Amino acid sequence: MPRTTRCACLVLFFFSLVSCGYEWCLSTDPLVIRVPFVEGDASGNLTNALVIALDSSPYFSYSPHANVTLHVSIYERDTETIGLDEEGLVSESRKKNQIWPSENRERLVLAVSLKKGDRFLWGPEYIQESNQYDYVHDNALEALSFFTPEGERESSLQFSLGEFEGRFAAEEDASLLLYRNIAEKVAARLSLIEERLRAL
């Protein structure tokens, strides 16, 4: 090869590296994955979170017609009380202490695998996530109500700006956050083996 031609090739190669930030300019299309409904996901919120997490990754994209399928099932799920509130009530001139749960921890374990047709590409692998949330128990009278000047007890939830959240509302919000976090963890785990998956 003539010297001038070699120099021209080297210059072009150098500028290609610079334009890519000193990385190879080889673009790879995202691996397309299908996500059927998660077993045990009655609301569909967990399935939706997985689709969003995969589609947001630079390594994957979602399509209902893909030949690679992400199979997910809820393997374990439990909730435990980790916080209590004590409420003092006055009844018939005697003070009674009532203890109500006020903080929970929810734990979720997913069984995750990838299949192409009937062939397993990866898994099953078990991925776990948990979170904690506060709430006001339905029977916590002092937190949920107050006395009007007329001496009548009235609910304070309608005037609350979010500091008083009932158990069911808090559970729903916590579950949505838990689904999002564990879906991102699944996508991150898959991204670690993305190159190996393409070779299968």
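Notes on the structure follow. (Residues numbered from 1 in each chain as written. Predicted model: local features only at pLDDT ≥ 70, side-chain atom pairs only at ≥ 80, totals over all residues. Heavy atoms only, no water.)

**Overview of helix α2 (residues 45–56)**
(1) Moving on: The terminal C-alpha atoms of α2, which comprises 12 residues, lie 16 Å apart, in line with the 16 Å expected from a rise of 1.5 Å per residue.
(2) Moving on: Within α2, the full set of buried residues consists of Leu46, Thr47, Ala49, Leu50, Val51, Ala53 and Leu54. (Helix = DSSP H or I, 4+ residues; strand = E, 2+ residues; numbered from the N terminus. Expected span 1.5 Å × (residues − 1). Buried < 20%, exposed > 50% of the residue type's maximum accessible area, 1.4 Å probe, protein only.)

**Regarding unusual backbone geometry**
With glycine set apart, most residues show a phi of negative sign, and most peptide bonds adopt trans.
(1) Moving on: The amide bond that connects Gly123 to the next residue, Pro124, takes the cis arrangement and shows omega of 5°.
(2) Moving on: With respect to the helices and strands, the residue Pro124 is situated in strand β5 (residues 119–134).

**Overview of the side chain of Ser113**
(1) Moving on: On the secondary structure map, Ser113 appears in strand β4 (residues 94–116).
(2) Moving on: A relative accessible area of 7% places Ser113 in the buried class.
(3) Moving on: When neighbours within four sequence positions are excluded, Ser113 is seen to be in contact with Thr69, Leu70, His71, Phe120, Trp122, Gly123 and Pro124. (Contact = heavy atoms within 4.5 Å.)

**What to know about the nonpolar core**
(1) Moving on: One finds Ile33, Leu70, Leu114 and Leu190 to be the most contacted residues of the largest nonpolar core, which totals 30 residues.
(2) Moving on: Listed by contribution, the elements that provide at least two residues to this core are β1 (31–33), α2, β3 (68–91), β4, β5 and α4 (167–192).
(3) Moving on: Per element, the largest residue contribution to this core is seven residues, and it comes from α4.
(4) Moving on: What Leu70 contacts, discounting residues up to four positions off in sequence, is Ile33, Arg34, Val35, Pro36, Leu54, Val112, Ser113, Leu114, Val186 and Leu190. (Core = buried A, V, L, I, M, F, W, Y, C linked by side-chain atoms within 4.5 Å.)

**Here we look at the pattern of salt bridges**
(1) Moving on: Scanning the entire structure with this criterion turns up six salt bridges.
(2) Moving on: Glu80 is the partner of Arg105 in a salt bridge, and the nearest nitrogen-oxygen pair spans 2.8 Å. In this pair, Arg105 is assigned in strand β4 and Glu80 in strand β3, connecting sequence segments 25 residues apart.
(3) Moving on: Judged by relative accessible area, which is 41%, Glu80 ranks as partly exposed. (Salt bridge = Lys/Arg side-chain N within 4 Å of Asp/Glu carboxyl O.)

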